[in-house]
Every structure is written in C-alpha cells, then in structure tokens.
Amino acid sequence: MASPTDVEPTTTTDGEASTSRNIDDEAARRIVRKIDYSIIPILFMTYVFNFMDKTILSSASVFGLKRDNHLVGQNYSWVSSVFYFGYFFWTYPTTLLVARLPVAKYVAANTFFWGTVVALTAACSSYGGLVTVRFLLGVAEATTTPALMFITSTWYTRDEIPKRTGMWFAGNSVGGIVSSLLAYGIGHIKDNVHPWRWMYIILGVSTFLWAFAILFLLPDQISTAKFLTPEERQWAVDRVVIAGTGKTEKTVWRWDQMLECLQDPKTWLIWSIALLCQIPNGGTQNFANLVITSFGFSPLESTLINIPYSLISVAAITGTGWLAGRFRSMNCLLAALVVIPPVVGSALIVSRNSIPHGVSLFGYFLLSTGPSAFPLLLSLVQVNFRGVTKKMTMTALIFIAYCAGNIAGPQLFKEKEAPHYWTAFRAIMICYSLAIVLLLLLRIYLQLLNRKRERDEGIVGSSGTSGAVGGGKVLDAAVGGNGSEAMNAVELQPEDYEDTTDWRTFGFRYRL
C-alpha cells in the first residue's frame, strides 16, 4: 500500500496531466470525514428549516390562524395545497438552474427569499393573503431538495449516497420535533399578536439568518472547497468519477439526455411510486394537529404528541438510509417495508368508531414511517441515473409527482367529514398499498435490466461504481468503503470525466 505522501501522475477534470496523491485508507477516511463534517450539517440544518417553515401551518391552525384569517369550508385545505402549486411552478426551471449556477450561492439566495416570505405570513389577515404567501413559499422552497440531491451526488459515491441522503432528509423529522416544541412554548403566549403569528416571525427571521451560513460555509463545488487541500480536492473529484455517478462540474444541458430520461421505463415507475407516497404525505402533514385534537387532546397537547411521531420518523429515515447504503440490493424492499405500517395505521383510524381512542392514536403513530419512503426514492434517483441532464430531468419529474401528490392530499380531508376524515384515510391505505406493488415491480425490472446488461457486455459489472474507467477497467468499491483501493488501482483517462448516461456507460449496474 502506498503511503499518503506518494505522488503519481493522473488526469485532471479538464483532461490535462497533473499530479495527485496516491492516498491510503486512513488518509481517505480522514478526507471523507472532512467532507461529512463540512457538508452534511449544513444540508441537515437547511432541511430542518425547510420542513419547519412548510409545516408550521399545522400547528398555527389550532392557535388562531383559521379564525384570524376567516377560513371556512375547504379554505384551509387550499391554503395547504397552494404551497405545492408554487413548488410545481418553479420545479423544472430550478432544476435547470441548480446544474448551471453556483449551487451554494443559489441555495443561499433562495433561503433569504423563503425566510422573508415566512416572516411576512404573520402579516396575513385574510384567505387571499395566506394563499399568496403560501404560493411564494412553494416557489422559494422548490430549489432546496433538488439542490441538496445534486450536492450529495457531487460529493459522494454510490455506496455513500443513501446514508447521506437519509442524514440530511432526517432534518424533516427533527424539524417536526423542534417546531412542536416551539409551538408548545409559543402557544402559551397571550397577547394581541397571537401565538400563530409569533411562530411565523421567529421561524422567518431564523431562516433568513441561516442563509448567511449557507452563503459563507457551503462550497459551490469540490474544486472550490477551501477545507480541502488541492490534492484532496482532486482525489475527491476522482473518487466520485470512479465510484459515484460521474462528472458534475462544468456541465451543459443536453437535450439527448433529457429525451433518454423520458424514454426510460424506470423513470415512470419511480415517478408513480413518488406520487402514491406523496398523496398521503400532503394530507397528514397539514392536518396532523387537527386529527390529534379529534382524539380528545387540546391544541397544546397535540403539539407534544407530534414529538414521538417525529422521533419514529427520524429513526426510520436514518436507519433505512444506512441499510440502503450498506446493502446494494435492499433499496426497493426497504421502501416497501416502511409503507406497510401506514397501511395498517390508516385502516385503524378508518375503524376509529369501533375501537378505543388509544388504538386510533396508535394507528396515527404507525403513519410515521411513511415519509421515510421518499428519501429512499431520492437515493434511487441519485444512484441509478447517470448524466447530469438525465438526473436533473428525473429530479424535476419526481418533484412534479411530489407537488401533484401534496396538492391532492389535503383535498381528501373534507371539512364535512371532520374530525374523522374517512375519505382521506381510505385513500392513504390504498395509495400505500399500490406503492408496495410498484416497488416490487421496480425491483424486478432493475434485476432483469442488470442481467440483460451482463449478457450483452459479457461481464458482471458493479452497482457500486460508475462503470468502466481507466481505459475500460470495471472495478468494485468495497461496500461501505471510501474508494481508496479503487482509486489506487486505476489511472483515469480524459474520457472518464465526460458527462455520459447510465444507458451509455459500459459496466454500469443498477441498485435494487
């Protein structure tokens, strides 16, 4: 094994001769730790604010927001849904911009805007005002998840992506815990401003201030990361070329890759699963507190009851993310497993008239594993789509499904059915059941696709690397490894830095 200080010739991302360190396992682990400590906390905290600002509406609804804004009938449902109209409006344009603009600065600019919009929500006093700010909030937050997916696939290998995605996506559930505690504390305020307005003021200002951290601490790309030395930057780029999903720096939009994405069957299988998982999500996020109060709890108690719900979600998201990264053939199975409890939970809630309130509440807690299916789908997109344009097109499509599901979800909670919402919970049960079927079909399709590629190419290939590199070598990165062995076994060629798709990459195999 070469020492960390051995220097050998290699190729830069521009295809020119350069020198890069032949790094050993210990040095490789140290570099990956530096990347983790510098990148993941920023992504995680950004997602904490993302979730709190989007879903504080549920807590605000039981602390005077509906009354002070004169919401009647389905008005509240539309206030919940209109966020996703804004998200839908900006989803495709923002995926184009994420891949073209300095991504960290773009995320920071959006965060400044979204913090401002959240704070301004406190000034609303009518249905029209709420609809306007919720639409603008959707526009602002549409950038966050696609950008974080892009950043993750830029910095990490295919084995590392599911775990890291689970880590920052867990910010959703941690945000749920923080917002519940915040709402509980603010709910005790008795003044003319009213608690729901203080919720928006505090979160809006906090989000605006967090944007400065993104601006100054998050690098736009590996080659500009100040926390790495020049040799470490080159090594970080090369490891993603070998064991990731290819080049992400200095790319251009390619229409042939966009067309390939639309022709790819796995695109529409993943899209359909995302839609089915987000219809339940859209309703339960915005009606959670209203459902809990229907079990006989006060508004203040409803905020505390959401804490164990969020803790279960954190455990499910991080646990399944780790397992999906550790085992390359479990992603679809894990996604199917985590939506089984919500099927049971929604069935219990539908039967609430014939069972004790405690059992209905248990059914509500069973819904908490459902959100962990979505980060597993995001991981499938990141690890199974190669080519920047193809991947970002799929990202846009999955968030179109995300928006459609979250727009439809709140509409299933009909005011005339309150507090039981029979239609909504029957729909949740059906959607998650169909998602399980499609996840199993996706797994079978990817298995057949891998076998076909093995027959056509005459090699086994690897679902842990980018495919053939270094003049045609197909290496395998150790499961859970840092890629140092693969890095030292190959000398990259200029063509290895080209932006190619999974269809056109020899030796590329799909994770199941």
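Residues numbered from 1 in each chain as written. Predicted model: local features only at pLDDT ≥ 70, side-chain atom pairs only at ≥ 80, totals over all residues. Heavy atoms only, no water.

Looking at an unreviewed UniProt entry, one finds the chain named MFS general substrate transporter, with Melanomma pulvis-pyrius CBS 109.77 as its source organism. The annotation that UniProt attaches to the chain under Sequence similarities (unreviewed entry) is "Belongs to the major facilitator superfamily. Allantoate permease family." In its Subcellular location (unreviewed entry) section, UniProt records this for the chain: "Membrane". (UniProt positions renumbered as here; feature names shortened; annotations may be inferred.)

Draft legend 1. Expanded view of the pattern of salt bridges. In this structure the tally under the stated criterion is 21 salt bridges. Asp256 serves as the salt-bridge partner of Arg254, at 3.1 Å between the closest nitrogen and oxygen. A salt bridge links Lys390 to Asp502; the shortest N-O distance between them is 3.1 Å. One end of the pair, Lys390, is in helix α17 (residues 388-411); the other, Asp502, is in the segment after α19 (484-489), with 112 residues separating them in the sequence. Assessed through its relative accessible area of 0%, Lys390 is described here as buried. What makes Asp502 buried here is its relative accessible area of 0%. Each member of the salt-bridge network shares a partner with another, and the members are Glu260, Asp264, Lys266, Lys390, Asp502 and Arg504. (Salt bridge = Lys/Arg side-chain N within 4 Å of Asp/Glu carboxyl O. Helix = DSSP H or I, 4+ residues; strand = E, 2+ residues; numbered from the N terminus. Buried < 20%, exposed > 50% of the residue type's maximum accessible area, 1.4 Å probe, protein only.)

Draft legend 2. Quick look at helix α14 (residues 340-350). For α14, every residue scored as buried is listed here: Pro342, Val343, Gly345, Ser346, Ile349 and Val350. Burial along α14 is one-sided: seen end-on, the buried residues are contained in an arc of 165°. Those residues of α14 that are buried lie in contact with α13 (331-338), α15 (357-366) and α18 (422-457). (Arc of directions from axis to C-beta. Contact = heavy atoms within 4.5 Å.)

Draft legend 3. Inspection of the packing of helix α5 (residues 144-155) against helix α6 (residues 161-169) at higher detail. Between α5 and α6, whose axes approach to 10 Å, the crossing angle comes to 145°. Here the hand of the crossing between α5 and α6 comes out right-handed. Counting all contacts with α5, which are made through Thr145, Leu148, Met149, Thr152 and Ser153, the residues of α6 involved are Ile161, Arg164, Thr165 and Trp168. Grouping the amino acids of the contact of α5 with α6 by side-chain chemistry returns 4 nonpolar, 4 polar and 1 charged. (Axes fitted to C-alpha atoms, helices over the stretch in contact; angles between N-to-C directions. Left-handed = near helix turned anticlockwise from the far one by under 90°. Nonpolar A, V, L, I, M, F, W, Y, C, P; charged D, E, K, R; others polar.)

Draft legend 4. Spotlight on the packing of aromatic side chains. According to the stated counting rule, one finds 28 aromatic pairs in the structure shown. For the pair Tyr47 and Trp168, a centre-to-centre distance of 5.0 Å together with 70° between the ring planes defines the contact as edge-to-face. Taken together, the positions of Tyr47 in helix α1 (residues 25-68) and Trp168 in helix α6 put the pair 121 residues apart, joining distant regions of the chain. When its relative accessible area of 4% is taken as the criterion, Tyr47 is described as buried. Here Phe374 and Phe399 contribute two aromatic rings whose centre-to-centre distance is 5.8 Å and whose plane-to-plane angle is 85°, an arrangement assigned as edge-to-face. Of the two residues, Phe374 is situated in helix α16 (residues 373-384) and Phe399 in helix α17; the sequence distance between them amounts to 25 residues. By way of ring pairs, the aromatic residues Tyr47, Phe83, Tyr84, Tyr87, Trp168, Phe169, Phe374, Phe399 and Tyr402 are connected into one cluster. The side chain of Lys66 reaches across the aromatic face of Tyr76, ending 5.3 Å from its centre. (Phe/Tyr/Trp six-rings, centres within 6.5 Å; stacked < 30°, edge-to-face > 60°. Lys NZ or Arg CZ within 6 Å of the ring centre and 35° of its normal.)

Draft legend 5. Looking closely at the environment of Thr505. With respect to the element layout, Thr505 can be found in the segment after α19. When the C-alpha positions of Thr505 and Arg386 are compared, they lie 8.4 Å apart, and in sequence the two are 119 residues distant. Polar contacts involving the side chain of Thr505 include one to the main-chain carbonyl oxygen of Thr501, which spans 2.6 Å. (Polar contact = N/O pair within 3.5 Å; in protein donor to acceptor, adjacent residues only side chain to side chain.)

Draft legend 6. Expanded view of empty space enclosed by the protein. Applying the stated rule across the entire model yields 9 cavities of 30 Å³ or more. Of the volumes computed, that of the largest cavity is approximately 410 Å³. Forming the boundary of the largest cavity are 28 residues, of which Phe51, Thr55, Gly176, Gln285 and Tyr309 lie nearest the centre. At the level of elements, α1, α7 (171-186), α11 (265-293) and α12 (299-326) are the ones that each hand at least two residues to the lining of the largest cavity. Both domain 1 (24-246) and domain 2 (254-459) contribute no fewer than three residues apiece to the lining of the largest cavity. (1 Å grid on protein atoms, 1.4 Å probe; cavity = no way out; pocket = protein on both sides within 12 Å on 5 of 7 lines; lining within 4 Å. Points joined across faces, edges and corners; volume = space filled by probe spheres on them. Domains from an automatic or database assignment.)

Draft legend 7. A look at the packing of α7 against helix α8 (residues 195-217). As a packed pair, α7 and α8 sit with axes 9 Å apart at the nearest point and diverge in direction by 135°. By the angle class used here, α7 and α8 are oblique. Handedness of the α7/α8 crossing: right-handed. Between α7 and α8, the contacting residues are Leu182, Ala183 and Ile186 on the first element and Pro195, Trp198, Met199, Ile202 and Leu203 on the second. Residue composition of the contact of α7 with α8, grouped by class: 8 nonpolar, no polar and no charged. (Parallel < 35°, antiparallel > 145°, perpendicular 65-115°, else oblique.)

Draft legend 8. Fine view of the nonpolar core. Within the largest apolar cluster, 140 residues are counted, with the highest numbers of intra-cluster contacts made by Tyr364 and Ile398. Looking at which element gives the most residues to this core, the answer is α1, with 19 residues. Here this core spans two domains, and each of domain 1 (24-246) and domain 2 (254-459) adds at least three residues to it. (Core = buried A, V, L, I, M, F, W, Y, C linked by side-chain atoms within 4.5 Å.)

Draft legend 9. Seen up close, unusual backbone geometry. Even without being a glycine, His70 presents a positive backbone phi close to 55°. We classify His70 as exposed; its relative accessible area is 58%. Here the phi dihedral of His194 falls at roughly 85°; this positive angle occurs in a residue that is not glycine. With respect to the helices and strands, His194 occurs in the loop between α7 and α8. Given the relative accessible area of 23%, His194 is considered partly exposed.

Draft legend 10. The side chain of Glu141, seen in detail. In this structure, Glu141 sits in helix α4 (residues 127-141). If we skip the residues at most four places from it in the chain, Glu141 touches Asn50, Asp53, Lys54, Phe83, Tyr87 and Trp114.

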